[in-house]
Amino acid sequence: MNSQPPKFFLRFFRWFCHPRLVKPIEGDLLELYDERVLELGKRKADLKFIKDVLLLFRKDIIKPSDGTHRINTYGMFKNHLKISFRNLIKQKGFTAINVFGLTMSMAITMLIILFIFDQDRQDEHNPNAAKIYRVLTVINDVDEDKIRSYGTSPFEINQLVPFNVESVSASAQLVKTSGLLTIDENEFQFSGLFASPNFLNFFHFDLEQGNKMSALDGENSLIISKEMSIKMFGENDPLGEIITIERLGDFIVSGVIDKRKYKTHLTYDLVIPISAFSNNAENEYLVSDWEEGAKVFYNYFHLKGESDQMLKSYLSSLDIKIPDAKKGLYRFETQRLDQINLGSLIRNEIGTTTPNFVAYFFGVLGLVLILSASFNYMNMAIARGLKRAREVGVRKVLGANRKQVIAQFLVEAQLVIFISLLCAFFLLQVLVPIFNGLKILRDIDGAITMNFNSDFYVYISFIAFAIIIGIVSGVYPALYLSSFRSLSVLKGSNGSGRSPSFLLRKVLVFFQYAFSVIFIITTIILYQQAKVFDTTDYGFEHSNIINVPKKKSIPYETFRNELLKKPQVAGVSAVSNLPVLSFFEDVEITNRSSERENIKASIFSIDAYVIENLGIEMIAGKNFSSRPQYEVDHIIINEKAMDAMGYQNPMDVLNKTVEIQSIDKNTREANTEKKKVIGVVRDFNYQFVFIESGALIMQYDPESLTTINIKIAGISPKQGAEIVESVWNEFDNNHTMDYETYQYGMEDINAEFSELVNIVGIVGFIAILIACLGQFSMVVHHVELKTKEIGIRKVLGSGLSSLMVGLSKGFIWVILVAIILATPLAVLINIAWTSRVYNAPEISVYNISLGIGIILILAVGTIYIFVSKAVRANPVDSLKYE
Amino acid sequence: MKKFQLGEFEEIVMLTVAILYDDAYGVSIKKEIENRLGRNVSVGALQSALRRLEDKDYLASHDKDATQERAGRPKRYYKITSLGKQAMQYTKETRNSLWDAIPSVSLDVKFAKLFNA
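Note that the coordinates shown come from a computational prediction; the quantities given were computed from them, not determined experimentally. (Residues numbered from 1 in each chain as written. Chains lettered and ligands numbered in written order. Predicted model: local features only at pLDDT ≥ 70, side-chain atom pairs only at ≥ 80, totals over all residues.)

**Q** Just checking my understanding: could you explain the overall build of chain B for this structure?
**A** Along the backbone of chain B there are 5 helices and 2 strands. Listing the helices and strands of chain B from first to last along the sequence gives α-α-α-β-β-α-α. Split into buried and exposed, the 117 residues of chain B put 25% on the buried side. The contacts of chain B with a sequence gap of at least 6 include a subset with a gap of at least 24, amounting to 45%. (Helix = DSSP H or I, 4+ residues; strand = E, 2+ residues; numbered from the N terminus. Buried ≥ 20, exposed ≤ 12 C-beta atoms within 10 Å, placed from the backbone. Contact = placed C-beta atoms within 7 Å.)

Quick look at the structure:
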């Protein structure tokens with residue numbers, strides 16, 4: 001009796017043993033132990049006890065892993081699932097409608113979540129992303145009364161901060177650039193970065209080729225992207241090759257970087273040591289002047305800790321550096337590296353980012369769809385619930401408490417949601433490639449990369465998202481249905497203790513229709529805009545033109561003459577900028593004789609053949625002659641420029657002198673030239689339709705021509721390109737010819753807009769579809785409730801039409817209220833975007849009533865079909881119902 | 001057809017429970033088997049067999065006697081149910097019928113030796 005068995009093993013036994021068995025077996029063990037102590041002594045008894053305990057550790061004795069007390073809930077849960085499944089299968093139509101609506105809206109919302117998560121991943125490859133800050137300049141523009149944030153800050157910040165702020169451990173400076181580079185007389189366009197030598201380490205990029213530590217050390221070394229390398233050198237090894245950059249000189253390729261490996265806010269084809277920029281005498285004023293420099297340099301600092309407090313307080317003390325006249329208008333702020341993308345809109349951004357409002361827009365779009373679908377679930381669950389009143393009653397009589405009934409309905413909602421989640425997930429696999437193929441994403445590096453391993457948390461968030469939707473859509477039906485009183489249900493009455501909140505369900509339907517109205521009106525107006533694009537006459541010939549870049553290896557005049565010998569070539573000309581397809585430079589013009597000053601105008605250069613070749617109509621004066629030396633001081637203007645200069649009659653403006661002030665792109669110095677107007681052309685659209693084509697000046701400058709336009713006749717563009725290429729090869733056999741048909745280029749721009757129309761259209765269609773399905777469920781429910789009433793009314797002699805009106809009045813009313821309230825909102829939303837677009841379609845009564853008409857026809861149609869069915873039913877059957 | 005399933009050890013336990021009649025609980029069953037068959041029985045093996053037999057409804061159990069010597073732990077007594085009795089009967093009969101079916105010659109050791117040679 002005095003000796004105790006080993007405590008640890010006794011406790012272990014108590015822990016693992018099934019609670020039902022623990023007492024008798026422990027009794028047996030203790031009895032045996034006591035006997036053994038007497039017989040064999042304590043030590044041996046202990047050992048035997050331990051052996052017994054260990055041998056008891058087996059399947060039949062161990063308690064179930066989830067604990068005995070949970071066994072009952074598990075059984076309940078299994079039962080809930082089983083009943084839910086049976087109910088879903090019994091009500092195939094409702095289930096299909098719900099799963100369809102939820103699948104559609106969830107797939108689209110998941111796509112949006114994926115997109116946002118993916119964008120949020122920018123610069124996450126950098127382990128220091130949370131410690132790197134960029135300095136922003138916030139400028140209060142008094143003239144326009146706007147406060148704007150710029151991603152740039154003055155040059156000196158990069159020198160001052162590391163000295164004065166203790167918590168800074170490293171810094172990097174970048175400058176954006178673009179231009180032309182030459183390799184063996186081959187010209188390439190590039191966009192690049194000037195960067196501090198520690199660029200690769202600072203932003204955590206690895207090189208494919210070259211030495212990461214020293215790639216930017218040499219003053220004349222540079223790093224190129226892999227894409228650029230393939231473009232310039234093909235499969236050849238680019239290391240050590242020499243590249244000549246316009247205005248900067250020769251550089252040696254010292255590294256190749258594979259940009260596709262990183263998602264980053266920086267975009268570049270090449271990286272050049274920043275010394276090439278700051279040591280250039282031409283840029284001296286940018287380096288020294290805080291005001292000018294504030295829009296040029298990107299300054300990044302790596303801090304020792306995650307707090308930027310010290311940096312912030314130092315930046316606020318830099319006020320003294322700003323010239324007195326601008327004091328108080330300049331402010332410096334910080335922005336963390338991983339918060340650059342999906343942050344607020346920053347001007348002068350170094351690369352392409354998605355601002356946060358785009359994410360919000362998409363988020364709202366998804367939310368609207370998902371809400372609409374879960375409203376449907378709520379409506380239908382309540383509608384179905386009346387049929388299930390008896391089930392609830394029986395459950396309650398058999399001892400279920402309200403909590404358990406609520407659990408039953410919540411499980412049912414969750415089941416529908418998870419089936420939809422599964423379907424949506426498969427749909428997503430189809431949607432992602434389509435989404436990635438969108439042209440509008442091309443420019444923002446928006447393609448989603450799906451990776452099942454690293455996106456683990458994305459999928460977890462999908463599931464969390466599904467659970468939330470399940471609770472949102474299931475909780476009200478569960479509360480309502482569980483409130484049925486078993487006594488009245490079983491007596492045979494309708495069973496609802498309270499009336500099913502009809503108002504709430506009307507509000508749900510109201511929202512669905514309000515969303516639909518907004519979507520459909522927006523879609524109609526967007527569609528009209530797309531039609532404007534398709535039908536606009538640009539005022540110049542572009543259907544039979546092939547555009548070929550003008551290269552130094554091809555002598556233009558001889559090339560032109562050779563081409564014109566071919567019978568299929570109708571004309572050849574050259575321009576500096578392609579109307580519609582490229583950006584035009586802006587200048588200001590002043591005409592002293594009419595005292596009009598600083599008129600904003602676009603300018604580009606042409607040769608003597610452009611006006612005829614592109615079919616631009618001359619309304620006064622003469623074209624350039626083919627002898628450049630006489631034409632240097634001459635310009636041709638369009639009608640808008642003539643108007644702006646204050647002339648009505650084209651003849652009056654001829655031979656007038658204009659001063660053209662332009663700002664040199666590279667030196668930023670203003671210079672003024674005097675030119676004489678020799679001709680006026682009819683206005684044509686040189687901008688894409690939704691931007692206004694204003695005053696235009698065409699000058700004669702053979703040096704700046706970049707693109708050759710070849711007009712073909714009677715053959716397809718492809719055949720034309722082959723003919724041009726055969727001539728090209730006579731001049732330059734080393735390089736293949738790049739070409740694009742003018743028509744293709746124009747359609748490509750149009751395609752981006754059509755995509756937007758299609759996206760809004762499809763989302764709108766789904767929203768309307770879901771709303772109609774919701775309407776359908778409401779009607780079915782309502783008619784079911786009134787079956788007997790209809791029968792009695794019919795027996796008493798009520799006519800079909802009065803019955804129909806009586807039944808559908810309530811629904812029509814909700815739809816009308818939705819239309820009346822949502823239409824002004826739709827108009828406001830559409831005014832918001834059309835007012836920023838030139839050539840936008842009118843928000844006419846016709847457009848709005850077309851949208852409302854479609855909604856009305858769909859909604860009233862749905863109501864009519866089901867109400868008329870119920871009304872036509874034989875009253876005898878209706879009266880026997882229930 | 002396998003109507004009743006009873007393993008070898010399970011059968012021994014059943015028989016012992018039957019022998020002990022009113023006094024069949026963990027320790028007594030264990031001691032009885034050890035004494036009669038001279039083989040060691042661990043508490044684990046015994047309890048596991050009792051569990052299985054209870055699940056098959058061959059045994060019924062009830063707790064009584066919270067005695068001082070067992071530190072207040074009750075003894076769990078086992079009794080054979082009528083289903084358990086049928087199972088034992090069945091097992092015995094199948095054994096017997098098999099025994100009966102053996103031709104007398106096959107167990108004659110002399111003949112067996114002759115065949116092997």
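Text resumes after the structure shown.
**Q** When you look at the environment of G366 of chain A in this model, what are you seeing that I'm missing?
**A** All names here are of chain A. Considering the arrangement of structural elements, one finds G366 in helix α13 (residues 356-385). Note on G366: 20 C-beta atoms within 10 Å, which makes it buried. Distance from G366 to I113, taken between C-alpha atoms, is 9.0 Å for residues 253 residues apart in sequence. Apart from residues lying up to four places away in sequence, G366 is in contact with I108, T109 and I112.

**Q** I tried to follow the pairing of strand β10 (residues 297-303) of chain A on my own but got confused; where do I start?
**A** Residues and elements named next belong to chain A. Across the 7 residues of β10, 7 count as buried, placing the element largely inside the fold. By the alternation rule, side chains of β10 split into F297, N299, F301 and L303 and Y298, Y300 and H302, which are all buried. Taken together, the 7 bridges between strand β3 (residues 168-183) and β10 define a ladder with antiparallel strand orientation. Within the sheet, the bridge partner assigned to A172 lies in β10 and is Y300. (Pairing = 2+ DSSP bridges.)

**Q** Whenever I open this one, helix α3 (residues 43-55) of chain B confuses me. Can you help?
**A** An α-helical turn contains 3.6 residues, so any two residues separated by three or four positions project in the same direction. End to end, α3 of chain B covers 18 Å across 13 residues, agreeing with the expected 18 Å (1.5 Å per residue, within 8%). By the burial criterion, the buried members of α3 of chain B are V43, L46, Q47, A49, L50 and L53 of chain B. Projected onto a plane normal to the axis of α3 of chain B, the buried residues spread over an arc of 160° and lie on a single side. As for α3 of chain B, its buried residues are in contact with α2 (19-40) and α3 (42-56) of chain A together with α1 (8-20), α2 (26-37), β1 (59-64) and β2 (75-80) of chain B. Immediately beyond the C-terminal end of α3 of chain B, within one or two residues, lies D57 of chain B, with a positive phi of roughly 70°. (Expected span 1.5 Å × (residues − 1). Arc of directions from axis to C-beta.)

**Q** I keep staring at the interface of chain A and chain B and nothing clicks. Help me out?
**A** Contacts between chain A and chain B engage 17 residues on the former and 18 residues on the latter. Broken down by secondary-structure element, the contributors of at least two residues to the side of chain A that touches chain B are α2 and α3 of chain A. A per-class count over the side of chain A that touches chain B returns 8 nonpolar, 1 polar and 8 charged. (Nonpolar A, V, L, I, M, F, W, Y, C, P; charged D, E, K, R; others polar.)

**Q** Is there a simple way to explain the nonpolar core in this structure?
**A** Within soluble globular proteins, side chains that are nonpolar tend to cluster in buried spots. Counting 88 residues, the largest nonpolar core has Y513, V517 and A767 of chain A as the members making the most contacts within it. Residues in contact with V517 of chain A, not counting those within four places in the same chain, are A818, I819, A822, T823, A826, G851, I852 and I855 of chain A. (Core = buried A, V, L, I, M, F, W, Y, C linked by C-beta atoms within 7 Å.)

**Q** Help me out: how do you make sense of helix α24 (residues 717-731) of chain A in this one?
**A** Residues and elements named next belong to chain A. With 15 residues, α24 should cover 21 Å at 1.5 Å per step; its first-to-last C-alpha distance of 21 Å lies within 8% of that length. Within α24 the residues assigned to the buried category are G720, A721, V724 and W728. The arc enclosing the buried residues of α24, seen along the axis, measures out at 95°, which places them on a common side. Residues of α24 that are exposed and angled more than 90 degrees away from the buried face: K718, Q719, E722, S726 and E730. Where α24 is buried, its residues touch β12 (545-549), α19 (556-564) and β21 (707-712).

**Q** Would you explain the environment of D289 of chain A in this entry?
**A** All names here are of chain A. Tracing the backbone shows D289 in the loop between α10 (284-288) and α11 (290-293). With 15 C-beta atoms packed within 10 Å, D289 lands in the partly exposed category. Put simply, D289 and K321 are 32 residues apart on the chain and 9.8 Å apart in space, counted from C-alpha to C-alpha.

**Q** When you look at the packing of α1 of chain B against α2 of chain B in this model, what are you seeing that I'm missing?
**A** Two measures define how a pair of helices packs: the angle their axes make with one another and the distance between the axes. Residue and element names in this part refer to chain B. Relative to each other, α1 and α2 sit at 105°, their axes nearing to 10 Å. With respect to α2, the axis of α1 lies roughly perpendicular. Here α1 contributes I12, V13, T16, V17, I19 and L20 to the contact with α2, which in turn contributes S28, I29, E32, I33 and L37. Residue classes in the contact of α1 with α2 are distributed as 8 nonpolar, 2 polar and 1 charged. (Axes fitted to C-alpha atoms, helices over the stretch in contact; angles between N-to-C directions. Parallel < 35°, antiparallel > 145°, perpendicular 65-115°, else oblique.)

**Q** What am I meant to see in the confidence of the model for chain B here?
**A** Should the pLDDT be low somewhere, the predicted coordinates at that spot are not to be read in detail. With 87% of its residues at a pLDDT of 70 or more, chain B has an overall mean of 84. Among the prediction metrics, the complex's ipTM stands at 0.82, with pTM recorded as 0.68. (pLDDT = per-residue confidence, 0-100.)

**Q** Mind showing me how you'd approach unusual backbone geometry here?
**A** Apart from glycine, the bulk of residues carry a negative phi angle, and the bulk of peptide bonds sit in the trans form. All names here are of chain A. A positive phi is found at L342, a non-glycine position, where the angle reads about 60°. Along the polypeptide, L342 turns up in the loop between β11 (330-336) and α13. L342 sits in the partly exposed class, given 18 other C-beta atoms within 10 Å. Even without a glycine there, the phi angle at N655 is positive, about 70°. Tracing the chain through its elements places N655 in the loop between α23 (650-653) and β18 (657-663).

**Q** Help me out: how do you make sense of the pairing of strand β17 (residues 634-638) of chain A in this one?
**A** The side chains of a regular strand alternate, residue by residue, between the two faces of the sheet. All names here are of chain A. Where burial is concerned, most of β17 is hidden: 4 out of the 5 residues are buried. Bridge count for β17 against strand β19 (residues 670-681) is 5 bridges, and the pairing is parallel. Opposite I637, over in β19, you have V680 as the bridge partner. In this structure, β17 lies alongside strand β20 (residues 696-700), joined through 3 bridges in antiparallel fashion. Paired with I636 across the bridge in β20 is M698.

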